[in-house]
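# Structural description and commentary
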Amino acid sequence: MGDVPVRVDARSLGILHEAYHKMRGGLARDRYDLYDYVRATAAKLAPFDSFYVALLHGANRVRFPYGYEGAVFDDPTSHTYGPSGQTAWLVKHRQTYRFAYDNGAVLNAGMSFGDTRRRSADAVTVPMFRTEPGSRDVLFGMVSMHSYTAGAFDDNAVRSFEWLTGLLARVLTREKEDTEAFLLLLPGGGVSRTLTSDHVIEYMAARLSEIHGIARRMVEEAGEGAGGDGGGLLGPDEIVRLCEQTQTELMEMALWADQGPEQRFLSLTEVEQRVAVLLVNGLGNQELATETGRSPNTVKAHLKNIYRKYGMTTREQVAEDVRRHLAR
């Protein structure tokens, strides 16, 4: 996606050219449709058996909001990753992982994906990066294609997957930046916001209302008998798609809901983190000074820094936020 020309064949170039205009033009307004389009485009570049999008969360978690095994949607999930496996490899090496590098050793050392009864014979996993001021590009996710056929992905397919994944990363980054810019327009702009249970409940109520409406129309049509043509309603297909969209979007909402407390805690220095954890136990300034081996004035300075970084004004607010992080 940089200034270096992409070396792919003419057919792949045409596919990627179309994807660029559709994705940059706002083809999909929700994540599920966007991921669905990327999967369909990738399938034109090279056939595969499994596909997933994963997003890193905090220091050691990864969420899978969208995945397919064959033609079947795979339920979103999340897990904590260790020092071995594909996610850890990508974090360390910051480059595309190919099955051919180690005959799948890294791939098989991590969490299984898709049909766990079978092992992939070829795989390509491409990292997603975004640029943040004052730091090198941040790895925030990955897109992975797997095949049960050996040698399924040649160099042309890999370069095409890399370009497509880079485009997805830019679209997601732009969406994130647009959201942050909009938040600055709200009262108290610039202060971190937390996705609450009310937001999730409102979202679920709206989605269930849609599904309920489709189901009700199906019942009504069934009651009318076979005399009509059904009005062209998709019925079950609509319900399946709405359920898949809801699953994907809830996984994304969970990332927004959970990442705030962890990001705020990780923004503290080691000493400030210790003070913040002690706040959960309700310690006063003198007790904090005793526990940390600092003077009361130094403790006050630490508390001031913590309030500033958290965008909060009381120790009770900070303690509750830290409690949420520790309980995740």
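Structural data are supplied above this passage.
Just so it is clear, the model here is predicted, and its values are computed rather than measured. Think of each chain on its own: its residues are numbered from 1, step by step along the sequence as written. A pLDDT threshold of at least 70 governs which residues receive local features in this predicted model, and a stricter bar of 80 or more applies before side-chain atom pairs are shown or counted, although totals over entire chains, interfaces and linings include all residues. The side-chain figures draw on all heavy atoms in the structure; neither hydrogens nor water molecules are used.

### Details of the environment of N285
- Strands here are runs of E lasting at least two residues and helices are runs of H or I lasting at least four, both read from the DSSP assignment and numbered beginning at the N terminus. Mapping N285 onto the fold places it in helix α9 (residues 285–292).
- When the C-alpha atoms of N285 and T298 are compared, they prove to be 9.8 Å apart, with 13 residues separating the residues in sequence.

### Structural notes on the packing of aromatic side chains
- Ring pairs are drawn from Phe, Tyr and Trp, using the six-membered ring of Trp, whenever the two centres fall within 6.5 Å, and their geometry is named by plane angle: stacked under 30 degrees, edge-to-face over 60, tilted for the rest. Using the criterion set out here, one finds 14 aromatic pairs in the structure.
- Their ring planes at 50° and their centres at 6.3 Å tell us that Y20 and W163 sit as a pair that is tilted. Of this pair, Y20 sits in helix α1 (residues 10–24) while W163 sits in helix α5 (residues 155–183), placing them 143 residues apart in sequence.
- Only protein chains enter the area calculation, which uses a 1.4 Å probe; residues under 20% of their type maximum are buried, those over 50% are exposed, and those in between are partly exposed. For W163, a relative accessible area of 15% gives the class buried.
- Plain terms: the ring middles of Y66 and Y68 are 5.6 Å apart, the flat faces sit at 45° to each other, and that makes the pair tilted.
- Taken together, the ring pairs connect Y32, Y35, F48, F51, Y66, Y68 and F73 into an aromatic cluster.
- Definition used: whenever NZ (Lys) or CZ (Arg) falls within 6 Å of the ring centre and also within 35 degrees of the ring normal, the charge is taken to sit over that ring. If you follow R39 out to its NZ or CZ, it ends over the ring of Y68, 3.6 Å from the centre.

### Observations concerning helix α11 (residues 315–326)
- Taking 1.5 Å per residue as the helical rise, α11 with its 12 residues ought to reach 16 Å, and the 16 Å between its terminal C-alpha atoms agrees with that figure.
- Among the residues of α11, those classed as buried are V318, A319, D321, V322 and H325. Looking straight down α11, one finds that the buried residues subtend no more than 165° of arc, so they occupy a single side. For a helix, the expected span equals 1.5 Å multiplied by the number of residues minus one. The arc refers to the directions leading from the helix axis to the C-beta atoms.

### Examining α9
- Every buried residue of α9 is listed here: L288, A289 and T292. Taken down its axis, α9 places every buried residue within 100° of arc, on the same side. Facing away from the buried side of α9 by over 90 degrees, the exposed positions are Q286 and T290.
- Should any heavy atoms of two residues lie within 4.5 Å, those residues are considered in contact. Next to the buried residues of α9 lie α8 (270–280), α10 (296–310) and α11.

### Some words on the packing of α10 against α11
- Only the stretch in contact is used when fitting a helix axis, every axis being a line fitted to C-alpha atoms; angles between N-to-C directions are given from 0 to 180 degrees. Look at α10 against α11: their axes get within 11 Å of each other, and the N-to-C directions meet at 65°. As summarised for this structure, α10 and α11 are arranged roughly perpendicular, according to the angle between their axes. Relative to α11, the crossing made by α10 is left-handed. Residues L303, I306, Y307 and Y310 of α10 touch α11, and the partners they reach there are R315, V318, D321 and V322.
- For this scheme, ten residues count as nonpolar: Ala, Val, Leu, Ile, Met, Phe, Trp, Tyr, Cys and Pro. Four count as charged, namely Asp, Glu, Lys and Arg, and the remainder, Gly too, count as polar. Here the contact of α10 with α11 is built from residues that sort into six nonpolar, no polar and two charged. Orientation labels follow simple angle bins: below 35 degrees gives roughly parallel, above 145 gives roughly antiparallel, 65 to 115 gives roughly perpendicular, and whatever is left gives oblique. Crossing chirality is assigned from the near helix's rotation relative to the far helix, an anticlockwise turn below a right angle marking it left-handed and a clockwise turn marking it right-handed.

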